[in-house]
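Below are the chains, spelled out letter by letter.
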Amino acid sequence: MRKSGNAVGKPSTVTGRAWTPGQLLAGQRARVLLGVTLPLFTAGLLGLWMVAAPAPSEAPSQASPAPQAGAPSAGSASAPTQAMASQSSSGTRAWRPGSLYRYSLSADQKVTFRPIQPGAQALPSMRFNLRGEWNVGVVSADAERVDARVNLKLSSLSVDIGDGGPLSPEVQRGLAAALQLPFFLTTDKTGLATFTHFEQGTDTLVRSILRSVVASSQFVLTGAPRANWSAEEYDNTGRYHAVYQRLAGDRFQKRKESYSHVASPQGLEPLNGQIHISVNAVSTFELERDLWPRWLEGQERVEVEAGQTMPPTTYESSLSMKLLEHRPDPTLIGTFAARRASLSSASMASFQGVEQDPMDQHRQVLQGKDFDTLVQELRSLPEDPKARDDARTQALEQLRALFMLRPSEALKVPGVIREGMDPLAASPMLGALSAASTREAVQALAEVTGDASISTDIRMDSVAALGVAKDPTSEGLEALRGATREADGMLRDTAKLALGNAAFQLSDTDAKGAEALMHELHNEYSSAASSEQQALALRSLGNTRSPDALSVLEEALRSGDPLLRQAAIEALRVIPDPRADQLLAESMLRDPAPEVRRVAVFASSFRPLAPLLPALAQALRLDPTDGVRVDVIHLLGEQRAALPEALPLLAWASQNDPNPDLRKAAASFVNPPATGGSAP
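What you are looking at is a predicted structure, and each value in this text was computed from that prediction instead of being measured.

**Observations regarding the overall build of the protein**
- Looking only at helices and strands, the protein has 24 helices and 13 strands in total.
- Counting over 680 residues, the protein shows a buried share of 55%.
- Counting only contacts in the protein whose residues sit at least 6 apart along the sequence, the fraction spanning at least 24 positions is 68%.
- As presented, the protein carries roughly 27800 Å² of accessible surface, and 50% of it is formed by carbon and sulfur atoms.

**Observations concerning the packing of aromatic side chains**
- All chains considered together, the criterion is met by 13 aromatic pairs.
- Relative to F198, the ring of F183 has its centre 4.6 Å away and its plane inclined at 15 degrees; by these criteria the two rings are stacked. Taken as a pair, F183 in strand β4 (residues 183–188) and F198 in strand β5 (residues 193–199) lie far apart in primary sequence, 15 residues in all.
- We classify F183 as buried; its relative accessible area is 0%.
- With a centroid separation of 5.7 Å and an interplanar angle of 65 degrees, the aromatic rings of W229 and F252 are classed as edge-to-face. Of this pair, W229 sits in strand β6 (residues 228–234) while F252 sits in strand β8 (residues 251–264), and the two are 23 residues apart along the sequence. Across the pair, F252 and W229 agree in class, each one buried.

**Observations concerning the pairing of strand β2 (residues 126–141)**
- Of all the 16 residues making up β2, 14 are buried; the element is thus mostly covered by neighbouring parts of the structure.
- Pairing geometry for strand β1 (residues 99–113) and β2, over 12 bridges, is antiparallel. Of the residues in β2, the one forming a bridge with D108 is N129.
- What sits between β2 and strand β3 (residues 145–161) in their antiparallel hairpin is a turn of 3 residues.

**A few points about unusual backbone geometry**
- The residue L291 is not glycine, and still its phi comes out positive at about 70 degrees.
- According to the relative accessible area criterion, L291 is buried, its value standing at 1%.
- Positioned with a positive phi, Q367 is a non-glycine residue whose angle comes to about 55 degrees.
- With respect to the helices and strands, the residue Q367 is situated in the loop between α6 (360–366) and α7 (371–379).
- Accessibility expressed as a relative area gives 54% for Q367, which makes it exposed.

**Some words on the environment of V632**
- As for its position among the elements, V632 is in helix α22 (residues 626–638).
- For the pair V632 and S605, spaced 27 residues apart in sequence, the C-alpha separation works out to 9.6 Å.
- With near-sequence residues (within four places) excluded, V632 lies in contact with V601, L616, A619 and L620.

**What about helix α19 (residues 578–590)?**
- Given a rise of 1.5 Å per residue, 13 residues ought to cover 18 Å, and the 19 Å separating the end C-alpha atoms of α19 matches this to within 8%.
- Every buried residue of α19 is accounted for by A580, D581, L583, L584, A585, S587 and M588.
- Packing partners of the buried residues in α19 comprise α17 (550–557), α18 (562–572), α20 (594–604) and α21 (613–622).
- The opening residue of α19 is D577, an N-cap whose side-chain oxygen sits 2.8 Å from the backbone nitrogen of R579.

**Some details on α17**
- For α17, the complete set of buried residues consists of L550, V552, L553, A556 and L557. Viewed along the axis of α17, the buried residues span an arc of 160 degrees, placing them on a single side of the element.
- Here the buried face of α17 lies against α15 (511–527), α16 (531–543), α18 and α19.

**Section: the pattern of salt bridges**
- A full pass over the atoms with the stated rule returns 36 salt bridges.
- Here R301 makes a salt bridge to E316, at a shortest N to O gap of 3.0 Å. Here R301 is found in strand β11 (residues 293–305), whereas its partner E316 is found in strand β12 (residues 313–328), with 15 residues between them in sequence.
- Overall, the relative accessible area of 36% leaves R301 in the partly exposed class.
- Counted as one network, the salt bridges with shared partners bring together R102, E133, E325 and R327.

**Some words on the side chain of K496**
- Residue position: K496 is located in helix α14 (residues 489–506).
- For K496, the residues in contact, after removing those within four places along its chain, are T484, L521, E524, L536 and S540.

**A short note on the packing of α17 against α19**
- At a minimum axis separation of 11 Å, α17 and α19 run at an interaxial angle of 10 degrees. Looking at the two axes, α17 sits roughly parallel to α19. Contacts from L550, E554 and L557 of α17 reach α19 at R579, A580, L583 and S587.
- Counted by class, the contact of α17 with α19 contains 4 nonpolar, 1 polar and 2 charged residues.

**Describing the side chain of S587**
- Following the sequence through the fold, S587 ends up in helix α19.
- The exposure class of S587 is buried, given its relative accessible area of 8%.
- Setting aside its immediate chain neighbours within four residues, S587 contacts L557, I569, R597 and A600.

**Digging into empty space enclosed by the protein**
- One pass over the full model with this rule turns up 5 cavities of 30 Å³ or more.
- There is about 270 Å³ of room inside the largest cavity.
- Together, 21 residues line the largest cavity, and R93, V136, L185, S217 and W292 are the ones closest to its centre.
- Of all the elements in the fold, those that place two or more residues in the lining of the largest cavity are β2, β3, β4, α4 (204–217) and β11.
- Residues belonging to the lining of the largest cavity are distributed by class as follows: 15 nonpolar, 4 polar and 2 charged.
- Around the second largest cavity sit 18 residues that line it, and S216, K256, A281, S283 and E300 are the ones nearest its centre.
- Contributing elements (two or more residues each) for the lining of the second largest cavity: α4, β8, β10 (276–287), β11 and β12.
- For the lining of the second largest cavity, the element with the highest residue contribution is β11, accounting for 4 residues.
- Here the lining of the second largest cavity is built from residues that sort into 7 nonpolar, 6 polar and 5 charged.

What counts, and where the lines are drawn
Residues numbered from 1 in each chain as written. Predicted model: local features only at pLDDT ≥ 70, side-chain atom pairs only at ≥ 80, totals over all residues. Heavy atoms only, no water. Helix = DSSP H or I, 4+ residues; strand = E, 2+ residues; numbered from the N terminus. Buried < 20%, exposed > 50% of the residue type's maximum accessible area, 1.4 Å probe, protein only. Contact = heavy atoms within 4.5 Å. Areas by Shrake-Rupley, 256 points an atom, 1.4 Å probe, with all protein chains shown as cover. Phe/Tyr/Trp six-rings, centres within 6.5 Å; stacked < 30°, edge-to-face > 60°. Pairing = 2+ DSSP bridges. Expected span 1.5 Å × (residues − 1). Polar contact = N/O pair within 3.5 Å; in protein donor to acceptor, adjacent residues only side chain to side chain. Arc of directions from axis to C-beta. Salt bridge = Lys/Arg side-chain N within 4 Å of Asp/Glu carboxyl O. Axes fitted to C-alpha atoms, helices over the stretch in contact; angles between N-to-C directions. Parallel < 35°, antiparallel > 145°, perpendicular 65-115°, else oblique. Nonpolar A, V, L, I, M, F, W, Y, C, P; charged D, E, K, R; others polar. 1 Å grid on protein atoms, 1.4 Å probe; cavity = no way out; pocket = protein on both sides within 12 Å on 5 of 7 lines; lining within 4 Å. Points joined across faces, edges and corners; volume = space filled by probe spheres on them.

It is worth stressing that arrangement in space is one thing and function is another; only the former is reported here.
Structure representation (structure tokens):
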């Protein structure tokens, strides 16, 4: 954690002792109490008490600070990104990389202790009060895993300990600064929070406070909402059973019914007769159409008794969150991968204060399976389409975990594929190699890509996977270049597009290599013998996401060939430069070909809409083609929650568009059905 200079060496108003946020959770005794007796962030509070107040068996003058806890371990890598389109409440939760959700936050937590023995003095109570913003940005998403960046922006923070009143302003400022450092969160596709990833050295207290908000705000759902369902969820205390009920429309209630396991230094352990946890926790959620919370209100009370050696404890909390804004933020993509080397990862149900092996997550996913077992499961996929897709997804995640734990296992993949494998079964293996992105994994992909004895379908999957591998190697790049010379047109074109993706992946680790690959793609465009080849080269340049491609794309936009102009606009959609917005707006309003203007509207959906809103408004009012206007209507309708300026435009279209079907489409977004169903 970055230390605040204001907090160094300042006395606490509770005891007069000098301590900093970095010392809040030191001491063996605090670590023994962590996770075993207290829910959510209570473990951190006990650590705070152990430093800020004298131990019961000692006189105040004898108390002394305990030694610092050890440094956390490094974080694990993220899976590759894959955009997921927003869904309505009749579908599944929307996990779209580059989406930012801003919430107002009000959180109160209080911990009180009762005496261990009658007549003994109780430990002082503690209360935390937080107000501000809670921002969650989706960084990456695949079939099973979602990574998000979370950032608390405080408007106020107060900490009270017993009758001593609030902490000193200096100490609270130091704690506030630490709480506002971004961290990362991993969930599965149901919304179940599984791992948090903090900067190494972050105080356990800070982690616990933030993890408490994560645990209290999770809404776990498989598929579409139903009348009732249940879920097994995790927090710092352990594993608990939650029950969900639809109240009305998009409003749902969640009850935390009981704990089945408790977090300990040995991992999750079933509750035994020595530890008793009673819980009364109710939260109400109202959901947006993409199944993200519009607002939530939660109250919780947990009472813990853990025998004669630890004080009976009551934890009370309230949490209120309300969606302020939902908007695209392309800068989120790649942030987890960029920070992963400096992060410390821990599961939601981990014992606070105990360092976690960064490979533990992969071991949990793998569930003890070996390579031969996973291959056999892929060779005997279920017939039912949904069950088959679920099995393929699970195999991909488990193979990725295996390749991270034992990299040499990746080298077995080409031989298994040569023996004969259905493309549906081979695809998860190739995806796992790309997600692992170890040197051995990239070597295996390169071998499959270059082997003409393997079916073209599988080689195309391998080429695509090689292009998005996080750490391209010279061997992988040469395999892609070789595939661009293949006789099969689809394989050749896929490889050219993959080279653009590889240039993007190289940009973080090998700037010179990325620049050289960009030069190759420029030359490919200049030497192309047909419009089709030029269009493909433009799309490859777009996949690099490099502003250096803008000069070529601008040249293509001046072409008399609409095929080239369409390809150039598609390439602009992911280039993070304001000039790209200007070029999209100009094409949307001035290009003579309706199909080009429609592509401009489509490309806008990948970018923050505010800079493009004037052009979209003009296209909505003046474009003579129904197809362009209906595309604008749907784009504004999908973004109306994040972009309030969209509603007046939709209202205008609902009254004034010359096509009655388009007026109806606009009206469906202005006045959506009460049940939150999809607009047409």
